[in-house]
Amino acid sequence: MVVKVQVVMVNKVGDDVEIYAGTKDGHKFYYWGTYPSMSFPNSVNTSFSMPAHDITLTVNWKSTVSGTYTVAFSDIGGGTSVAAITGITANDKITKPDDPTKEGYTFVAWHKDEELTEEWDFDNDTVTEDIILYAKWVEISVTSVILNKKTLQLLKGQSETLTATVEPTNANNTEIEWSSGDETIATVDNDGKVTAKNVGEAIITVTTEEGGKTDTCTVVVEDIPAPTGLIWDDTKAKWDAVEGATSYSVFLLCSQDPAKVNYNMDQAGWISTIGIETELNLEEHLHPGMTYQLRVRALIGSTQGILSDYSDKKTMDGNLGNISISWGSGTDENKASWDAVEGAEGYLVWVKYNGNPVGAARSITESHIDITSDINDKGYGTYTVDVYAGTGT
């Protein structure tokens, strides 16, 4: 007879738990079997400290009937419990019980000694006394590890997680490690997540902790392509989507001289980063008499792609009048002013230092500008301002 004792209503790890095996006619208490295996006090009425996991306790009995014996099965090593066989008549054979199981191991046989040197022969061996048989196990070894992909193509900034399968799946130790042959090209984390860093190729390797089995995946990283199909649709910029892009940067270049509109990207009049939309209304940034061009860049996360080609040029309708600039004196020597232009709703002002623009055009509504901050920033030199009047700010 086997009695399984399940402990319930235990408050927390470390609580004292009292148990009692009870009684069985014609038998006496033999020992407690535990699953998972653990050190355990071996008396009919006992107590123990609750471990940090559920346990199953099995009461094993020993026959007290004269001329009969008990065969117990030791679960030392963490296998599932096997009930003792009681009431065995002297010189009888016993029937082999169902094999126990143990995660990561294969059961081999029952042995007569703890050293596992002599196997019990259920076909021929007979019982002549109370005995304990001991389980022998062999560890299930890793034979291989297989990745779900042999090659992986990514754009800079993209990520994808590789999956590794350790064979056999019931091996005792299925721990693995990841590594990249070139982390400047692609990195891999402990979960197999590959992140593309720069254009090129890198070999991602997975290695089993047990046995050192490996598999590899070749990662090919390409640049984020430039958007194509860039056009003006009235005051909107439109372009074709780039697969995988998470956002776009739109560059609006402008110049009073149409011949020079695209000569220097550092003089971009305005830059905006938007989401995954493939059009942007620029109406509020376009001013009469100015010539504009567009360029667009796709991004994946914070990683920038290749800039598109220049769009066609777009020239807004003409000037509202010629503007004459005058400079102040004394405390106003850094202030440029001009007469207000009738009909103008605002002005675009370019500040130049030694002939080169200081940043982008500035949109203001007043007919004057103080460039003291520019002088403090750049230092001494020749400063000029170009002003353009328009019907929009």
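Cut-offs applied
Residues numbered from 1 in each chain as written. Predicted model: local features only at pLDDT ≥ 70, side-chain atom pairs only at ≥ 80, totals over all residues. Heavy atoms only, no water. Helix = DSSP H or I, 4+ residues; strand = E, 2+ residues; numbered from the N terminus. Buried < 20%, exposed > 50% of the residue type's maximum accessible area, 1.4 Å probe, protein only. Contact = heavy atoms within 4.5 Å. Phe/Tyr/Trp six-rings, centres within 6.5 Å; stacked < 30°, edge-to-face > 60°. Lys NZ or Arg CZ within 6 Å of the ring centre and 35° of its normal. Pairing = 2+ DSSP bridges. Axes fitted to C-alpha atoms, helices over the stretch in contact; angles between N-to-C directions. Core = buried A, V, L, I, M, F, W, Y, C linked by side-chain atoms within 4.5 Å. Salt bridge = Lys/Arg side-chain N within 4 Å of Asp/Glu carboxyl O.

Peer 1: Talk me through the environment of valine 44; I want residue IDs and the actual numbers.
Peer 2: With respect to the helices and strands, the residue valine 44 is situated in the loop between strand E3 (27-35) and strand E4 (45-49). Here valine 44 falls in the partly exposed class, since its relative accessible area comes to 29%. Non-local contacts of valine 44, meaning those with residues more than four positions away in its chain, are made with Ile19, Tyr20, Ala21, Gly22, Phe29 and Trp32.

Peer 1: How would you explain the packing of aromatic side chains if you had to name every residue and give the values?
Peer 2: In the structure shown here, the tally under the stated rule is six aromatic pairs. Seen from their ring centres, phenylalanine 107 and tryptophan 137 are 5.5 Å apart, and the 70° between their planes marks the pair as edge-to-face. With phenylalanine 107 in strand E8 (residues 105-111) and tryptophan 137 in strand E9 (residues 131-139), the pair connects residues that are 30 residues apart, well separated along the chain. In this pair, the class of phenylalanine 107 matches that of tryptophan 137, namely buried. Taking 5.1 Å as the distance between ring centres and 45° as the angle between the ring planes, the aromatic pair formed by tyrosine 353 and tyrosine 383 counts as tilted. Taken together, the residues tyrosine 353 in strand E29 (residues 346-353) and tyrosine 383 in strand E33 (residues 383-390) connect sequence positions 30 residues apart. Like tyrosine 383, tyrosine 353 is buried. An aromatic cluster is built from Phe73, Phe107, Trp110 and Trp137, whose rings are joined through pairwise contacts. Seen from the ring of tyrosine 310, arginine 295 lies directly overhead, with NZ or CZ sitting 4.4 Å from the centre.

Peer 1: Residues and numbers for unusual backbone geometry, please.
Peer 2: The amide bond that connects glutamate 167 to the next residue, proline 168, takes the cis arrangement and shows omega of -10°. Tracing the sequence through the fold places proline 168 in the loop between strand E13 (164-167) and strand E14 (176-180). Notably, asparagine 91 is not glycine yet its phi reads approximately 75°, a positive angle. Among the structural elements, asparagine 91 can be located in the loop between strand E7 (85-89) and E8. On the basis of relative accessible area, asparagine 91 is assigned to the exposed category, the value being 51%.

Peer 1: Could you give an account of the environment of serine 363, with specific residues and numbers?
Peer 2: Inspection of the secondary structure puts serine 363 in strand E31 (residues 362-364). Look at serine 363 and you get partly exposed, because its relative accessible area is 37%. Remark: the alpha-carbon pair of serine 363 and valine 349, spanning 14 residues in sequence, is separated by 6.5 Å.

Peer 1: Describe in detail the sheet that holds strand E12 (residues 159-161), supporting the description with residues and values.
Peer 2: Read from one edge to the other, the open sheet built from three strands follows the order E12-E16-E15, with strand pairing classed as antiparallel. A single partner strand is all that each edge strand has here, and the edge strands are E12 and strand E15 (186-188). When the angles between neighbouring strand axes are averaged without regard to direction, this sheet yields 20°. When E12 meets strand E16 (residues 193-196), the two strands line up antiparallel, connected through three bridges.

Peer 1: A description of the nonpolar core should follow, citing residues and the corresponding values.
Peer 2: Ranked by size, the top nonpolar core spans 25 residues in total, and within it Trp232, Trp239, Tyr248, Leu252, Leu282, Tyr292 and Leu294 carry the most contacts. Contributions of two or more residues to this core are made by strand E21 (247-255), strand E24 (291-300) and E29. The biggest single contributor to this core is E24, with five residues. Not counting residues within four places of it along the chain, the set of residues in contact with leucine 294 comprises Leu230, Ile231, Trp232, Ala237, Val250, Phe251, Leu252, Leu282, Asp309, Tyr310 and Ser311. Core analysis: the second largest hydrophobic core is formed by 21 residues, Val166, Ala196, Val206 and Val219 among them.

Peer 1: An account of the pattern of salt bridges is requested, with residue identities and associated values reported.
Peer 2: One side chain can pair with another of opposite charge once the charged atoms of both are near each other. Summed over all chains, the structure comprises nine salt bridges. Between aspartate 99 and lysine 96 there is a salt bridge whose closest N-O contact spans 2.4 Å. Overall, the relative accessible area of 41% leaves aspartate 99 in the partly exposed class. A salt bridge links aspartate 125 to lysine 112, with the nearest nitrogen and oxygen atoms 3.3 Å apart. Taken together, the residues aspartate 125 in the loop between E8 and E9 and lysine 112 in the loop between E8 and E9 connect sequence positions 13 residues apart.

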